[in-house]
Amino acid sequence: MEPVCRHGNHCCLAGGDHIHRIAKIHYQRSHDRSRKRLNTLRAVRSTALIFSMKKLITLFLLTSILIGCTPATPTTLPPTPEPDPAQEATAAPETEPAAWWRDAVFYEIFVRSFQDSDGDGIGDFNGIVQRLDYIQELGANALWLMPIHPSPSYHGYDVLNYYAVNPEYGTMDDFRKLLTEAHERGIRVIIDLVLNHTSSQHPFFVDANRDVNSPYRDWYIWSNETGNYWHQGNGGNYYGFFWGGMPDLNYRNPEVTAQMEEVTRYWLEDIGVDGFRIDAAKHLIEEGAKIENTEATHEWFKEFYTFYKSIEPDAYTVGEVYGAGAFLATKYAGQTDHIFNFELASGFVNSVAGESNTGINGAWAFTLKDISNGNYATFLTNHDQNRVISVLNGNEQKAKLAAVLLLTSPGTPFIYYGEEIGMQGRKPDEDIRLPMQWNADVNAGFTTGTPWRMPDASYTQVNVAAQEKDPGSLLNLYRMLTRLRAEHPVLRDGNLTVLETGNSGVYAILRHSDSEDVLILINLKGTPIFEYSLGLPDAILADGTHTVTSLLDTTQANNLNITGGMFTGYRPLAELHPYQAYIFKLK
Ligand SMILES: [Ca+2]
Ligand SMILES: [Ca+2]
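Residues numbered from 1 in each chain as written. Chains lettered and ligands numbered in written order. Predicted model: local features only at pLDDT ≥ 70, side-chain atom pairs only at ≥ 80, totals over all residues. Heavy atoms only, no water.

S.K.: Help me out: how do you make sense of the coordination of the calcium ion (ligand 1) in this one?
M.R.: When four donors bind a metal tetrahedrally, each ideal donor-metal-donor angle is 109.5 degrees, and when six bind octahedrally, the ideal angles are 90 or 180 degrees. Asp116 (OD), Asp118 (OD), Asp120 (OD), Ile122 (O) and Asp124 (OD) make up the full set of protein donors to the calcium ion (ligand 1), lying at 2.2 to 2.4 Å. Mapping the donors of the calcium ion (ligand 1) onto the primary sequence gives the spacing D-x1-D-x1-D-x1-I-x1-D. Asp118 gets classed as exposed once you look at its relative accessible area, which sits at 52%. Its relative accessible area of 11% is what places Ile122 among the buried residues. (Donors = N, O, S within 2.8 Å, 3.2 Å for Na, K, Ca; no water. Buried < 20%, exposed > 50% of the residue type's maximum accessible area, 1.4 Å probe, protein only.)

Rendered as structure tokens:
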């Protein structure tokens with residue numbers, strides 16, 4: 001057999017037993033390492049909170065100066081509970097891992113477009129390191145890096161080598177440095193894991209296609225079938241759901257599973273990433289005509305979950321199940337930690353675009369019916385969709401409302417790079433993945449060389465530097481919202497009740513926990529609203545009179561009277577301003 005492996009001992013044709021044995025040996029070491037890492041992260045998080053507090057006070061002052069009124073006294077942060085070292089040391093490995101992702105705000109980065117550090121026009125790992133302060137100030141404490149492996153494409157979703165990094169993005173040492181620097185700031189890092197397919201130029205496929213007797217032949221799916229998804233190969237047609245350049249792997253072959261588990265172990269254990277975004281999760285295993293979310297796919301992910309948790313109990317996966325809502329999230333429970341709630345994302349964006357609460361209230365009805373605990377990932381748009389401000393026809397006020405919807409909702413929010421400054425972009429895909437707009441200098445501050453693709457022309461107006469100076473900017477709203485989310489646990493994991501509003505242009509929810517109640521109220525329309533009235537149909541609040549104070553500014557709303565745990569006919573303000581969001585704390 002001619003060796004096709006050029007990647008060292010990770011690419012051996014080891015069977016599942018071998019891989020599992022390695023996994024068990026590494027388990028305890030990995031667990032100790034994980035504890036140490038977590039303690040570092042916790043220590044850093046306390047520092048980050050203090051830092052955030054200072055920034056918040058500054059922001060309050062700036063906002064108040066701008067609107068010409070007395071600054072409200074910022075609320076005092078509760079002390080951060082410190083982990084008990086004795087308890088940490090004796091905690092049994094079987095203890096449920098702390099679900100760090102429940103408190104995370106993720107930032108999705110397309111490495112090629114974020115920041116070029118060496119003038120070759122291509123974003124890189126060192127560029128991200130240069131921008132970690134920016135990411136931290138945004139309030140993101142986790143990163144999702146789109147594919148970082150060598151690939152013939154600009155986007156990287158067709159992988160050539162799962163054990164290496166794309167040399168255009170830097171060296172493995174550069175990547176390790178990014179991990180270290182991020183972890184020192186309390187920022188976790190997950191990477192895209194492309195399981196469903198390889199590149200057609202991957203050595204496995206090249207060998208499989210060259211020779212029908214190749215040991216890799218059965219790693220892919222061959223047939224005499226023609227038509228959709230079938231592509232002409234040597235000695236038969238091969239299955240590639242997305243296109244011929246991305247042949248699907250055959251997960252009915254245990255060697256394929258063993259190989260991808262070794263890839264998973266390598267990145268978690270040898271390199272130290274914090275988890276994965278699983279690309280095209282629903283397409284993993286086909287069952288005849290059924291090619292999405294099959295039973296075999298669910299069974300595979302069940303085993304995969306056990307495997308990666310045995311390597312690293314704190315590892316997080318989020319599955320891309322394109323188009324999924326909460327119902328499918330329940331189907332992937334115990335198989336991935338989260339899937340993205342596309343149904344909710346559409347609800348957020350469509351309600352703001354259509355200026356009506358119908359879309360979002362409908363999405364909440366489905367989501368709350370299936371998952372009431374917020375165990376899913378949320379977002380507005382991602383790298384496969386037109387950018388949110390373009391969907392909103394460039395309306396920055398609407399983009400602000402979308403940000404409020406995302407960051408005051410349950411679930412773990414993901415912000416797509418540039419969304420926080422209102423970067424525009426419509427398909428083709430390259431144009432929704434353009435260079436980050438840092439400033440008004442040549443090439444938007446992205447590179448000193450020739451960018452791999454020109455930034456959007458809007459960068460002279462729409463950029464980070466300009467928005468940092470403007471207290472009323474979209475960027476500063478994102479910063480304020482992530483800080484509110486950090487300060488008020490109820491915004492992360494409190495219950496959510498959709499309120500009656502008596503007006504389809506008014507969206508109102510109550511976030512409720514044993515310790516705190518927050519009311520979010522939004523006028524989705526471009527005109528003032530006077531005719532509305534809020535009602536809480538469930539008996540969940542304490543009886544009596546509550547004061548209602550804005551968490552965004554100095555607005556004081558009318559008191560709220562609760563009888564029998566509920567209320568009707570409540571009007572916090574006589575007038576709701578056009579495209580205005582209010583976040584009120586009840587006391
Ligand atoms: Ca570069
Ligand atoms: Ca597949």
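S.K.: Explain the sheet that holds strand 14 (residues 517–523) to me, please; I cannot follow it from the model alone.
M.R.: Think of a sheet as strands paired side by side through backbone hydrogen bonds, with each pair either parallel or antiparallel. Across the sheet, which stays open at both edges, the six strands sit in the order 12-13-14-19-16-17 with antiparallel pairing between neighbours. Only two strands of the sheet have a single partner each, and these edge strands are strand 12 (495–498) and strand 17 (556–562). Each neighbouring strand pair of the sheet contributes to a mean axis angle of 25 degrees, computed without reference to strand direction. Looking at chain direction, strand 16 (residues 544–550) and strand 19 (residues 581–586) are connected through three bridges and run antiparallel. (Pairing = 2+ DSSP bridges. Helix = DSSP H or I, 4+ residues; strand = E, 2+ residues; numbered from the N terminus. Axes fitted to C-alpha atoms, helices over the stretch in contact; angles between N-to-C directions.)

S.K.: I would appreciate a short explanation of the nonpolar core in the present structure.
M.R.: The nonpolar side chains of a soluble globular protein tend to be buried, and buried together. Tyr107, Ile135, Leu145, Phe175 and Trp267 are the most contacted members of the largest nonpolar core, which totals 140 residues. Element by element, the count of residues in this core is highest for helix 14 (residues 396–407), at eight residues. Ile135 has contacts with Tyr107, Ile109, Phe114, Ile128, Ala140, Leu143 and Ile187, leaving out every residue within four places of it along the chain. If you look at the next biggest cluster of nonpolar residues, it comprises 22 residues, including Leu510, Ile562, Phe584 and Leu586. (Core = buried A, V, L, I, M, F, W, Y, C linked by side-chain atoms within 4.5 Å. Contact = heavy atoms within 4.5 Å.)

S.K.: Is there a simple way to explain the environment of Leu541 in this structure?
M.R.: You can see Leu541 is positioned in the loop between strand 15 (534–536) and strand 16. With relative accessibility at 7%, the residue Leu541 sits in the buried group. C-alpha separation for the pair Leu541 and Leu586, spaced 45 residues apart in sequence, amounts to 9.9 Å. In this structure, Leu541 is in contact with Leu510, His512, Asp517, Leu536, Ile562, Gly565, Phe567 and Leu586, ignoring residues within four places of it in sequence.

S.K.: Honestly, the coordination of the calcium ion (ligand 2) in this entry has me stumped. Any pointers?
M.R.: Protein-derived ligands of the calcium ion (ligand 2) are Asn196 (OD1), Asp248 (OD), His283 (O), Leu284 (O) and Glu286 (OE), with the metal-ligand distances lying across 2.3 to 2.7 Å. Asn196 gets classed as buried once you look at its relative accessible area, which sits at 0%.

S.K.: Help me understand helix 6 (residues 172–184), please; the structure alone is not making it clear to me.
M.R.: Helical periodicity: at 3.6 residues per turn, an α-helix aligns residues three or four positions apart in one direction. With 13 residues, helix 6 should reach 18 Å at 1.5 Å per residue; the first-to-last C-alpha distance of 18 Å fits that figure. Three or more residues of helix 6 are buried, namely Met172, Asp174, Phe175, Leu178, Leu179, Ala182 and His183. (Expected span 1.5 Å × (residues − 1).)

S.K.: Help me understand the packing of aromatic side chains, please; the structure alone is not making it clear to me.
M.R.: Evaluated as defined, the whole model comprises 46 aromatic pairs. Taking 4.9 Å as the distance between ring centres and 80 degrees as the angle between the ring planes, the aromatic pair formed by Phe205 and Tyr220 counts as edge-to-face. With Phe205 in helix 7 (residues 203–210) and Tyr220 in the loop between helix 7 and strand 4 (222–223), this residue pair connects regions lying 15 residues apart in the sequence. For the pair shown, Phe205 and Tyr220 are each scored as buried. Centre to centre, the rings of Trp222 and Tyr238 are 5.9 Å apart; their planes meet at 65 degrees, and the pair counts as edge-to-face. In this pair, Trp222 is assigned in strand 4 and Tyr238 in strand 6 (residues 236–239), connecting sequence segments 16 residues apart. Through a chain of ring-to-ring contacts, the aromatic side chains of Trp100, Trp101, Phe106, Trp144, Tyr316, Tyr322, Phe340, Phe342, Phe379 and Phe414 assemble into a single cluster. (Phe/Tyr/Trp six-rings, centres within 6.5 Å; stacked < 30°, edge-to-face > 60°.)

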